[in-house]
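# Structural characterization, general
If you want the building blocks of each chain, they are given just below.
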Amino acid sequence: MFYNFNKIEEVKIRLRSAEGHICEVEESAALMSSFIRSMIEGFNEVTEVSLPNINSVVIEKVIEYMRHYKDKDPPIIKKPIISSKMEENTSAWDAGFIDADWNMVVDLMTAADYLMMIPLRDLCCAKMACKFKGRSIDELRAEYHIENEFPSEMEENLEFQHPWRLE
Amino acid sequence: MQSSNILSHILSYLTYQELLACSCLNKHFQALCNNTFLWRREALRIGIGNLELFGEPLLGIQNSQKSSSSSKWKELLRGLIESKKYWPTDHSVLEPSDTNNLVKEFLSILREPQMPPPTLRRESKCLPTIFQELLTYYLIDESPAALPSFDDFMTEDILAKLFDWSERLENEFKGSVEKNQFTIARWALKDPKFDSWTLSPFRLSIESTTDTYDQEDDLCQLSQKFPLKNSSPFLIKLYYAIKKTSSVHSKLILASILENEDDLSLCNDYITKWNSYCASIKELNQKYQAFCTLFNEIFNKTHEKTPNFPPFSLLRPMVFQWKRKVFETVKDKLINTALDLLNKWRSDQIDEELSYLLIKIVQALIDHSVNELNVRFLDHSQFYTDGIYEILHQKTVVATLEYYKTLKNLPADKLSEALEKDMNIIQRVFLKRTQIEIEKIRNEIEISAWKSCFCESYKEFKAGICCVNSNVTENLLDSEFGRILFNVDFNKNRIRQFIETLQWRNDKMVENIQHFLKLFERKVELQEKLIDDLIIEEENEQCGFMLEQSPEERILFSLTNDISPQQFMGIVINTDLL
């Protein structure tokens with residue numbers, strides 16, 4: 001009898017999105033998520049994991065990340081970040097991967113948090129931090145619709161207290 | 001993760017400038033930015049640099065368990081950033097960009113000095129520490145080997161420009177008040193609490209008229225009223241900037257050291273950072289050579305007689321700042337930990353790593369007990385210091401006496417083994433002076449134990465077994481051993497028989513007698529001047545260094561005791577040196 005071991009397919013994990021769509025990912029890649037890992041280790045026969053908080057577009061994006069880092073460790077982003085450009089803070093692949101619109105980054109971060117994928121969560125946070133980097137108080141308030149809660153004299157005082165921030 | 005936690009996590013990727021901007025956005029951001037972890041990390045990043053160098057990971061310390069407040073770290077960081085304002089920006093001497101580069105390089109060297117390669121890190125007792133090596137070069141013409149320069153800034157070139165203005169800078173010291181400031185600064189007189197006050201001309205005038213200046217409240221008020229003047233001489237301002245910057249850096253170091261949860265980690269951390277600071281001093285001394293040379297040259301010109309006192313260098317003000325801000329707070333912990341480790345070593349309770357830590361702690365304490373004069377006599381059995389090592393020495397001797405008391409009940413041969421082992425520890429850790437003092441104690445105890453042992457054996461001796469006349473017998477009979485037995489029995493023949501019996505039996509006692517006689521010889525040696533001491537004295541006398549220091553030298557060269565300007569001026573006037 002002849003066995004072709006190479007042809008034995010890896011177990012796949014089915015991830016069910018908020019819309020009910022199924023996205024498949026290799027088990028070895030899915031184990032990047034501590035949430036999925038605990039499901040698999042807790043219940044031996046589990047091959048499907050329901051993710052009611054995450055839509056299928058985001059799940060596909062997460063799977064792309066899982067597959068890329070299946071066999072290697074993601075780079076660590078140093079704190080604080082050195083630039084508002086992600087390619088100067090992390091690898092080119094990571095920078096390209098996270099080069100998405102704001103809503104997508106927020107959704108990815110929420111998903112990473114839910115799936116307990118710390119490197120992906122850190123990547124999203126660093127991307128968001130880039131948006132704060134090198135911006136004035138007024139620019140930040142305008143962009144994120146932040147209401148100024150400080151009375152004007154207090155605001156002046158804040159500036160007065162921190163002249164060294166400009167050093 | 002809650003939105004606040006996510007925001008906190010995002011904020012952790014920002015620098016202190018961006019955090020300050022964010023804290024002005026609204027109250028929510030203000031609260032989030034008030035995170036101890038963030039400010040601690042930024043203060044340490046700016047002040048200490050690569051945290052990995054000190055064994056602390058740069059990442060992953062999101063949730064600090066420390067009880068310290070964010071405002072403490074914010075203030076430390078603020079002090080560090082604001083120290084830039086103390087650096088003089090006099091357009092006619094240095095361009096603002098030059099001053100800026102001076103500050104940048106100064107901070108950068110404090111943050112990450114070029115440490116010697118691991119093999120040269122003075123990790124063995126037989127090698128001096130970085131600091132001691134620096135001191136030995138201080139008064140003679142040899143400078144420490146130049147460090148390779150990898151920097152973008154060129155402090156040495158910038159400071160060399162000062163020579164173009166030396167005449168003008170010299171003229172700034174024509175008035176007597178400025179002259180006094182110069183004198184005080186040159187000797188780095190130490191006034192722990194009131195830095196600006198030290199350099200204020202008002203202090204000197206008040207000192208000469210009233211003795212009430214030591215009332216702290218008055219001093220505080222006066223210090224605020226008369227800070228370092230804008231019109232102060234340029235060199236004084238530069239000196240003051242160096243002192244102030246070293247001071248804020250030392251405060252930050254202390255805060256980071258005090259975070260250690262146990263005394264062992266604290267001592268280990270202290271030693272790492274002290275070594276790093278010494279490497280900074282070494283590097284900065286080199287880079288600021290032009291400034292120091294000019295400072296000394298102008299001083300020699302403006303003062304009629306040049307006293308043979310320590311020349312000005314960055315070492316003195318920087319060491320004083322460290323001593324006040326860091327060392328004074330942790331010195332008791334260092335001593336207690338050293339004694340604790342010594343006790344554990346004696347009872348075989350520590351591994352090689354901890355015994356090595358003990359050696360390093362003692363070295364660090366020695367560093368704060370030496371000056372340029374006495375560092376050359378470290379291995380002298382009469383080495384004396386008014387520094388912290390003296391306390392360690394006294395406590396070690398007392399602890400040793402206590403320990404030896406516990407050994408007294410052992411049989412003489414076991415006691416001898418235990419004392420031998422203990423001496424090996426002492427010799428590995430402490431200075432010659434402590435070794436000799438402990439060796440004297442050991443000698444007394446061991447000789448006394450052997451005496452009792454020999455007398456006891458003699459009492460048990462039954463005479464008349466054999467007669468073997470030999471030179472060995474006669475020698476032993478005439479030795480200290482024989483004298484001991486004469487004290488017990490006047491019968492010389494019986495003692496001779498006893499010795500012969502011991503030889504005939506090939507008893508181990510003969511070996512013990514030989515050992516005892518060696519101890520006795522050593523005891524006599526220890527009472528006289530040691531050959532090693534004579535060699536050290538001879539070598540140093542050729543360079544003009546003496547073991548004995550005059551009272552004036554003790555005060556002026558001291559790196560350990562604070563001296564008030566009043567004391568200093570008293571010495572200067574009494575010795576008529578200025």
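This one's a predicted model, so the numbers in the text were calculated from it and none came from an experiment.

## Looking at unusual backbone geometry
Each neighbour pair has its own omega, and for A:Lys79 with A:Pro80 the value is -5°, a cis peptide bond. Inspection of the secondary structure assignment puts A:Pro80 in the loop between helix 3 (56-68) and helix 4 (92-97). With a phi close to 50°, A:His145 is a non-glycine residue in the positive phi region. With respect to the element layout, A:His145 can be found in the loop between helix 7 (137-143) and helix 8 (152-161). Of note in this structure, B:Asp348 is not a glycine but carries a positive phi near 55°. Structurally, B:Asp348 is set in the loop between helix 17 (315-346) and helix 18 (352-367).

## Topic: the interface of chain A and chain B
In this complex, chain A contributes 31 residues to the contact, which on the side of chain B involves 36 residues. Taken together, both faces of the contact between chain A and chain B bury some 3300 Å²; the carbon and sulfur share is 69%. Summed over the shared surface of chain A and chain B, the number is 1 salt bridge. Here B:Glu18 ties to A:Lys133 by a salt bridge, and the two come within 2.8 Å at their closest N and O atoms. The interface formed by chain A and chain B contains 7 residue pairs in polar contact (both at pLDDT 80 or more). Breaking the side of chain A that touches chain B down by element, the ones donating at least two residues are helix 5 (102-114), helix 6 (118-132), helix 7 and helix 8 of chain A. In terms of residue count, the dominant contributor to the side of chain A that touches chain B is helix 6 of chain A (7 residues). For the side of chain A that touches chain B, the residue count by class is 16 nonpolar, 4 polar and 11 charged.

## Focus on the sheet that holds strand 1 (residues 12-16) of chain A
Residues and elements named next belong to chain A. The strand order 2-1-3 describes an open sheet built from 3 strands, whose pairing is mixed. A strand with exactly one partner marks an edge of an open sheet, and here the two such strands are strand 2 (22-26) and strand 3 (48-50). Neighbour-to-neighbour, the strand axes of this sheet turn through a mean angle of 25°, independent of strand direction. Against the sheet, helix 3 makes contact with strand 1 and strand 2, and its axis sits at roughly 5° relative to strand 2, the strand it touches most.

## Description of the pattern of salt bridges
Enumeration according to the criterion identifies 38 salt bridges over all chains in this entry. Among the salt bridges present, the one from A:Glu26 reaches A:Lys12, with a minimum N-O distance of 3.8 Å. Within this pair, whereas A:Glu26 is found in strand 2, its partner A:Lys12 is found in strand 1, the two being separated by 14 residues in sequence. In this structure, B:Glu328 engages B:Lys331 in a salt bridge whose closest nitrogen and oxygen atoms are separated by 2.9 Å. Remark: B:Lys331 and B:Glu328 occur in helix 17; sequence separation between them is 3 residues, near one turn of the helix. Salt bridges sharing partners connect three or more residues here, namely A:Lys12, A:Glu26 and A:Arg67.

## Here we look at the UniProt feature "domain: SKP1 component POZ" (unreviewed entry) in chain A
Within the UniProt annotation, "domain: SKP1 component POZ" (unreviewed entry) is assigned to residues 12-70 of chain A. With 44% helix and 22% strand, residues 12-70 of chain A has end C-alpha atoms that lie 14 Å from one another.

## Describing the pairing of strand 2 of chain A
All names here are of chain A. Direction of pairing for strand 1 relative to strand 2: antiparallel, over a ladder of 5 bridges. Pairing of Arg16 across the sheet is with Ile22, part of strand 2. The antiparallel hairpin formed by strand 1 and strand 2 contains 5 residues in its connecting segment, where Gly20 sits at a positive phi of about 95°.

## Considering helix 14 (residues 234-257) of chain B
The end-to-end C-alpha distance of helix 14 of chain B is 35 Å, a good match for the 34 Å that 24 residues give at a rise of 1.5 Å each. Judged by how many residues are buried, helix 14 of chain B sits mostly within the fold: 23 of 24 residues are covered.

## Re helix 5 of chain A
For an α-helix, the turn length of 3.6 residues means that residues three or four places apart are oriented alike. In this model helix 5 of chain A runs 18 Å from its N-terminal to its C-terminal C-alpha over 13 residues, within 8% of the 18 Å that 1.5 Å per residue would give. Lining the buried residues of helix 5 of chain A we find helix 3, helix 4 and helix 6 of chain A together with helix 1 (3-11) of chain B. For helix 5 of chain A, the capping residue at the N-terminal end is A:Asp101, with a side-chain oxygen 3.1 Å from the backbone nitrogen of A:Asn103. After helix 5 of chain A finishes, the residue A:Met116 shows a positive phi value of roughly 55°.

## Points about the packing of aromatic side chains
Summed over the entire model, instances satisfying the criterion amount to 29 aromatic pairs over all chains. Look at A:Tyr65 and A:Phe97: their rings are 5.3 Å apart centre to centre, the planes differ by 45°, and that puts the pair in the tilted class. Within this pair, whereas A:Tyr65 is found in helix 3, its partner A:Phe97 is found in helix 4, the two being separated by 32 residues in sequence. Residues A:Tyr65 and A:Phe97 agree in their burial class; the two are buried. Ring plane angle 55° and centroid distance 5.7 Å describe the contact between B:Tyr270 and B:Trp322, whose orientation is recorded as tilted. With B:Tyr270 in helix 15 (residues 263-287) and B:Trp322 in helix 17, the pair connects residues that are 52 residues apart, well separated along the chain. Per residue, the accessibility class of B:Tyr270 equals that of B:Trp322, and both read buried.

## Let's talk about the UniProt feature "domain: F-box" (unreviewed entry) in chain B
Feature annotation in UniProt assigns "domain: F-box" (unreviewed entry) to the following positions: residues 6-41 of chain B. Between the end C-alpha atoms of residues 6-41 of chain B there is a gap of 18 Å, over a span that is 75% helix and 0% strand.

## Thoughts on the side chain of B:Asp269
With respect to the element layout, B:Asp269 can be found in helix 15. Setting aside anything within four residues of it in sequence, one finds B:Asp269 in contact with B:Ser256, B:Ile257 and B:Asn260.

## Thoughts on the confidence of the model for chain B
Close inspection of predicted coordinates is inappropriate for parts of the model with low pLDDT. Residues and elements named next belong to chain B. Averaged over chain B, the pLDDT score is 78; the fraction of residues at 70 or greater is 78%. Considering each helix and strand of chain B separately, the mean pLDDT is smallest for helix 12 (residues 201-209), with a value of 37, and largest for helix 19 (residues 388-407), with 94. Every residue in residues 463-468 is under pLDDT 50, and counting partners more than four places away or in other chains gives 10 contacts. Confidence metrics for the complex model read pTM 0.81 and ipTM 0.89.

What counts and how
- Residues numbered from 1 in each chain as written.
- Chains lettered and ligands numbered in written order.
- Predicted model: local features only at pLDDT ≥ 70, side-chain atom pairs only at ≥ 80, totals over all residues.
- Heavy atoms only, no water.
- Helix = DSSP H or I, 4+ residues; strand = E, 2+ residues; numbered from the N terminus.
- Contact = heavy atoms within 4.5 Å.
- Buried area = accessible area lost by both parts, 1.4 Å probe.
- Salt bridge = Lys/Arg side-chain N within 4 Å of Asp/Glu carboxyl O.
- Polar contact = N/O pair within 3.5 Å; in protein donor to acceptor, adjacent residues only side chain to side chain.
- Nonpolar A, V, L, I, M, F, W, Y, C, P; charged D, E, K, R; others polar.
- Pairing = 2+ DSSP bridges.
- Axes fitted to C-alpha atoms, helices over the stretch in contact; angles between N-to-C directions.
- UniProt positions renumbered as here; feature names shortened; annotations may be inferred.
- Expected span 1.5 Å × (residues − 1).
- Buried < 20%, exposed > 50% of the residue type's maximum accessible area, 1.4 Å probe, protein only.
- Phe/Tyr/Trp six-rings, centres within 6.5 Å; stacked < 30°, edge-to-face > 60°.
- pLDDT = per-residue confidence, 0-100.

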